[in-house]
Amino acid sequence: MPALAAPLRLAMWSGPRNISTALMRSWGNRADTFVVDEPFYAYYLQATGADHPMASEIIAAGETDSGKIIAQLTGDPPHRARIFYQKQMTHHLLPALDRGWLGAVTNCFLIRDPREVIASYLKKNHEPTADDLGFPQQAAIFETVCAETGKTPPVIDARDVLENPERSLRLLCAAVGAEFSTAMLAWPPGPRPTDGIWARHWYGEVERTTGFHSPEPKEISIPARLYAVVEQCEKIYRHLHGYRLK
C-alpha cells in the first residue's frame, strides 16, 4: 500500500467499558501513530457538572475550550505522525457542540454488547443510564456521519476484535486506508504518557495487558432495575451491529 498522501485523523467513537483503551494501546504501539485519550473529557465535566471520579483534577489538567480541542483534532498531528488516533467517548460530544468538524476526520465506531458493557460498568457505577453508557449518543453521531458523508463509516465489534484481533484490525485498516502493522497485536504492559490522568482510576486492568485476549465464556447477570436500560441499548447495538466489518 502506498504511503498516505495526507495525515489520517482517526476518531474512534465508543461508550465506556468497550475495550476502547486496549484499542488505543493497539494503535499507539504503531511507530507512525500518535494517540490522544478522550480529548473532550474535561470539557464535558465542566459543561455538565457530572459527578465523576477525579472530576476537579481532570478539569484542571485538561482543555475545556471546545474550539481549541476541535482545532487540535483537525489540525496537524503531534510529532508529525502519519496517523492521529483519537479515542473518543460518545457521551462527551454534547448536543451544544457544532459537529461540522466531523467531516475533517475519519470516523469509526466501536460497539459492544450492552450486557457486557453494563456488567463491566457496574464495577465503578451502580446506577448507569443509557446516556451514561453512550449508546444513544453513538447512534446520533453515526447517523450524522452517514448523512454528512453519504457513506457508512466503519463499525467494529469488541467481541470480533477480542476473538480474532488480526482479522478485525486488518479489516479496519483496509477500511480507513492505513497499512496494517503487526505492532498492533501486542504491546508492553504499564501506563503511557498519552493516558489521561484518570488512568489511575480506570486503567488498572488494561495496564496489565500485553495484547487482546479472547473472552472466557461466563454468565452475565444484570440487576432487574437495569432491564429497561439494557433493552434501550440493545436496540441501538443491534442496529449498529448490522453495519460491522466482517
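No experiment lies behind these values; they were computed from the predicted model shown.

A. Inspection of the side chain of E38 at higher detail. By the secondary structure assignment, E38 is in the loop between β2 (33-37) and α2 (41-48). Setting aside anything within four residues of it in sequence, one finds E38 in contact with K87, M89, H92, W198 and Y203.

B. Region of interest: the sheet that holds strand β1 (residues 8-14). Read from one edge to the other, the open sheet built from five strands follows the order β2-β3-β1-β4-β5, with strand pairing classed as parallel. With one partner strand each, in any of the chains shown, β2 and β5 (155-157) form the two edges of the open sheet. When strand polarity is set aside, the average angle formed by the axes of neighbouring strands in this sheet is 25 degrees. Summarising the sheet, β2 and strand β3 (residues 83-89) pair through five bridges and their orientation is parallel. Each bridged residue has a counterpart across the sheet, and for F34 the counterpart in β3 is F84.

C. Molecular detail of the packing of aromatic side chains. Under the counting rule described, the total for this entry stands at nine aromatic pairs. For the ring pair W27 and Y85, a centre distance of 5.5 Å and an interplane angle of 15 degrees mean the geometry is stacked. Linking W27 in helix α1 (residues 20-28) with Y85 in strand β3, this pair joins segments that are 58 residues apart in sequence. In this structure W27 comes out as buried when scored by relative accessible area, which is 0%. The exposure class assigned to Y85 is buried, which follows from its relative accessible area of 1%. Relative to F212, the ring of W187 lies with its centre 5.1 Å away and its plane at 85 degrees, an arrangement referred to as edge-to-face. With W187 in the loop between α9 (165-176) and α10 (199-202) and F212 in the loop between α10 and α11 (227-241), this residue pair connects regions lying 25 residues apart in the sequence. Pairwise contacts between aromatic rings join W13, F40, Y43 and W101 into one cluster.

Rules and cut-offs
Residues numbered from 1 in each chain as written. Predicted model: local features only at pLDDT ≥ 70, side-chain atom pairs only at ≥ 80, totals over all residues. Heavy atoms only, no water. Helix = DSSP H or I, 4+ residues; strand = E, 2+ residues; numbered from the N terminus. Contact = heavy atoms within 4.5 Å. Pairing = 2+ DSSP bridges. Axes fitted to C-alpha atoms, helices over the stretch in contact; angles between N-to-C directions. Phe/Tyr/Trp six-rings, centres within 6.5 Å; stacked < 30°, edge-to-face > 60°. Buried < 20%, exposed > 50% of the residue type's maximum accessible area, 1.4 Å probe, protein only.

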